[in-house]
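Chain by chain, the residues:
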Amino acid sequence: MTTFWPIALITFKEGIRNRAIYGITLVALLLFGATVLVATMVPREVGKVAVDMALSTISFAGLLVVLFVGINLMAKDLDKRTIYTVLSRPISRSQYIVGKYFGMIMLITVTMGILSFLAISAIVMLKTIHGSFFTRFSWQTIILADCLTVLMLIVLSAISFLFASFTSSSFITLILTIITYIIGQSLSGVKALLEAPSYEIGFTVSPVTVNMVNAAYYLFPNLSLFDIKLQAAHALPVSSSFIIWTILYGFIYIVLSITLAALIFRKKEFP
Amino acid sequence: MITINGISKEFKEGITGKCVKALENLELEIKQGEVFGFLGPNGAGKSTAIKILMNLIFSSSGTAQIGGKDVRDPQARRIVGYLPENPYFYDYLTADELLWFGGRTAGMGSNSIRERSDLLIKQVNLEGARKRQLRTYSKGMVQRAGLAMALIHDPEVVILDEPMSGLDPIGRKMVGDMLVELKGQGKTVFFSSHILNDIERFSDRAGIIIGGKLKRVDTLQNLLSEGKDLEEVFMREVALAEGGTAA
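Residues numbered from 1 in each chain as written. Chains lettered and ligands numbered in written order. Predicted model: local features only at pLDDT ≥ 70, side-chain atom pairs only at ≥ 80, totals over all residues.

1. Description of the overall build of chain B
In step 1: When you go through chain B residue by residue, the secondary structure sums to eight helices and 10 strands.
In step 2: For chain B, whose C-alpha radius of gyration is 18 Å, the value lies close to the compact-globule estimate of 18 Å for 247 residues.
In step 3: In terms of principal-axis extent, the alpha carbons of chain B reach across some 55 × 40 × 35 Å.
In step 4: The buried share among the 247 residues of chain B stands at 47%. (Helix = DSSP H or I, 4+ residues; strand = E, 2+ residues; numbered from the N terminus. Rg over C-alpha atoms; globule rule 2.2 N^0.38 Å. Buried ≥ 20, exposed ≤ 12 C-beta atoms within 10 Å, placed from the backbone.)

In structure tokens form, the structure reads like this:
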């Protein structure tokens, strides 16, 4: 704890003071403003549009935090050789990775907390003005969708740590993380499409493509699992078993990614 | 206090993976309380040796210990303060926070950190800037903040990689005064430099490394007895290493 906590804390401070955070918050503020404007243009659907847009804004802004602040927090240590200062202290490389990752979790949680507050404020404002159009509405599902988005970002961050442990530049880490995000968000849809009977989809898929998609499905995280914006917008019920399995899935992915990152990092040299 | 047993280091270069020897069978023993100057031209292997001591890179063969502990053990660094060459720290942290981090990771309590920070910040002349973020610091100020961080936990062994590089005359004097003070406190200091005057002024013993090979290790007194100054001795060693003859 004596070595782990200071790393987490300076990582958090370095991240939260980054000017990019202010920029991302400003973009989010503008998008929440747009949510209010757009939602009022469709009076009958105002509740659904407000929830969907507010949650999408949180997700988008959170993604920017992970990609443009989070990755830098780890990769800049390597690019700028700040790591010399950290690893010259009596700490192991595994402690460094875990400390850094907990700092990142703190950063994601705090920024997402602020963004969620803004999103909820926008929804509350619209609900107060257009209360009669919020017939199918559930705060519980909205909060749940928000929490799962936070978990998805924490999983994505763990994967970015894994990439940073073996790549030589922050740019490569960024590209690999973006690719993982895109694949992770679309993979289950692609798999479902390929598994559908050929007469339904109108074409035949080669076995090689099916095998490749299957391999990618088990290799990449299924990030669409964490996306329940649709259920939140329509106040649809979400089963508790789904929630538990999704949380467990995310947790396993985090542990595997960080463990692997720590193992790779133990062998890494910093010439 | 610092023991280096036959350390060699090879780097693979380029896509062909061609091996380049950065260090060859380095043998060195630095005793407690000694100020040892590691002298060599650019690319001689000084920083490579220091990075192996700090476990930032791994030796291809041989071992090294600090205070009897293998350098691969993180606990070996508990008694070590290290200042890298051209240090770079976290942009958005202040000097106070940097020292807090250094103290905490070394297991110090809050009060001890505060006391040592006050002392060191004064010594490195950063009193007016201690609450400012490091991204606003000049190169010399960053170097001084790094020196304060290296010394925050009052280490037994101080390893400095080109500590005078990038400093103005005032900064150089300040680092020089600190080296003298560390020597007075009985600390073991291992510092690298390619500035002959620095080695001559502060070292008890010096090692001359050229092309990854340690050519000479001796007391300053003995080295200086071989020529009119250290420059002459050093240039002779360089000439010999390059296959020439000693002047």
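That covers the picture; the talk isn't over yet.
2. Examining the nonpolar core
In step 1: Core analysis: the biggest nonpolar cluster contains 150 residues, and A50, A54 and A158 of chain A together with L53, A148 and I159 of chain B have the highest contact counts within it.
In step 2: Per-element tally for this core: the top contributor is helix α3 (residues 46-79) of chain A, with 17 residues.
In step 3: Setting aside chain neighbours within four positions, we find A50 of chain A in contact with T35, A39, A122, I123 and L126 of chain A. (Core = buried A, V, L, I, M, F, W, Y, C linked by C-beta atoms within 7 Å. Contact = placed C-beta atoms within 7 Å.)

3. Quick word on the packing of helix α2 (residues 95-105) of chain B against helix α4 (residues 139-151) of chain B
Relative orientation and spacing of two packed helices are given, respectively, by the angle between their axes and the distance between those axes.
Residues and elements named next belong to chain B.
In step 1: Put simply, α2 and α4 touch, their axes get as near as 8 Å, and they point 25 degrees apart. In terms of orientation, α2 lies roughly parallel with respect to α4. As α2 runs across α4, the sense of the crossing is right-handed. Of the residues in α4, those in contact with A95, L98, L99 and G102 of α2 are A145, A148 and M149.
In step 2: For the contact of α2 with α4, the residue count by class is six nonpolar, one polar and no charged. (Axes fitted to C-alpha atoms, helices over the stretch in contact; angles between N-to-C directions. Parallel < 35°, antiparallel > 145°, perpendicular 65-115°, else oblique. Left-handed = near helix turned anticlockwise from the far one by under 90°. Nonpolar A, V, L, I, M, F, W, Y, C, P; charged D, E, K, R; others polar.)

4. What about the interface of chain A and chain B?
In step 1: Facing 22 residues of chain A, the contacting portion of chain B comprises 26 residues.
In step 2: Elements supplying a minimum of two residues to the side of chain A that touches chain B: α1 (4-16) and α4 (83-87) of chain A.
In step 3: For the side of chain A that touches chain B, the element with the highest residue contribution is α1 of chain A, accounting for four residues.
In step 4: Looking at the side of chain A that touches chain B, its residues break down into eight nonpolar, seven polar and seven charged.

5. Some words on the confidence of the model for chain A
In step 1: This prediction gives chain A a mean pLDDT of 88; 99% of its residues lie at or above 70.
In step 2: Model confidence for chain A, summarised as mean pLDDT per element, is weakest for helix α8 (residues 198-201) of chain A at 70 and strongest for helix α11 (residues 240-266) of chain A at 94. (pLDDT = per-residue confidence, 0-100.)

6. As for the sheet that holds strand β3 (residues 35-39) of chain B
All names here are of chain B.
In step 1: In spatial order, the strands read β6-β7-β8-β3-β9-β10; together these six strands make up an open sheet with mixed pairing. Edge positions in the sheet fall to β6 (80-83) and β10 (213-219), since each has one partner strand and no second. On average, adjacent strands in this sheet sit at an angle of 15 degrees to one another, irrespective of strand direction.
In step 2: Where strand β9 (residues 205-210) lies against β10, six bridges are found, and the strand directions are antiparallel. Considered in β10, the bridge of I209 is made with L214.
In step 3: Contacts between helix α1 (residues 46-53) and the sheet are confined to β3, β7 (157-161), β8 (188-193) and β9, with β7 contributing the most and set at about 145 degrees to the helix. (Pairing = 2+ DSSP bridges.)

7. Digging into the sheet that holds strand β2 (residues 18-30) of chain B
Strands pair in a sheet through their backbones, by hydrogen bonds, and they do so in one of two ways: parallel or antiparallel.
Residue and element names in this part refer to chain B.
In step 1: Judged by pairing direction, the sheet is antiparallel, and its four strands sit side by side in the order β2-β1-β4-β5 without closing on themselves. Each edge of the sheet is formed by a strand with only one pairing partner; in this case those strands are β2 and β5 (69-70).
In step 2: Note: strand β1 (residues 2-13) against β2, nine bridges, orientation antiparallel. Along β2, the bridge assignment pairs T3 with E29.

8. Section: the packing of α1 of chain A against α2 of chain B
In step 1: Packing of α1 of chain A against α2 of chain B brings their axes to within 9 Å, and their N-to-C directions diverge by 160 degrees. The angle between α1 of chain A and α2 of chain B places the two elements in the roughly antiparallel class. As for the relative orientation of α1 of chain A and α2 of chain B, their crossing is left-handed in sense. In this structure, α1 of chain A uses P6, I10 and K13 of chain A to contact α2 of chain B, whose residues at the interface are E97, F101, R104 and T105 of chain B.
In step 2: Here the contact of α1 of chain A with α2 of chain B is composed, by residue class, of three nonpolar, one polar and three charged.

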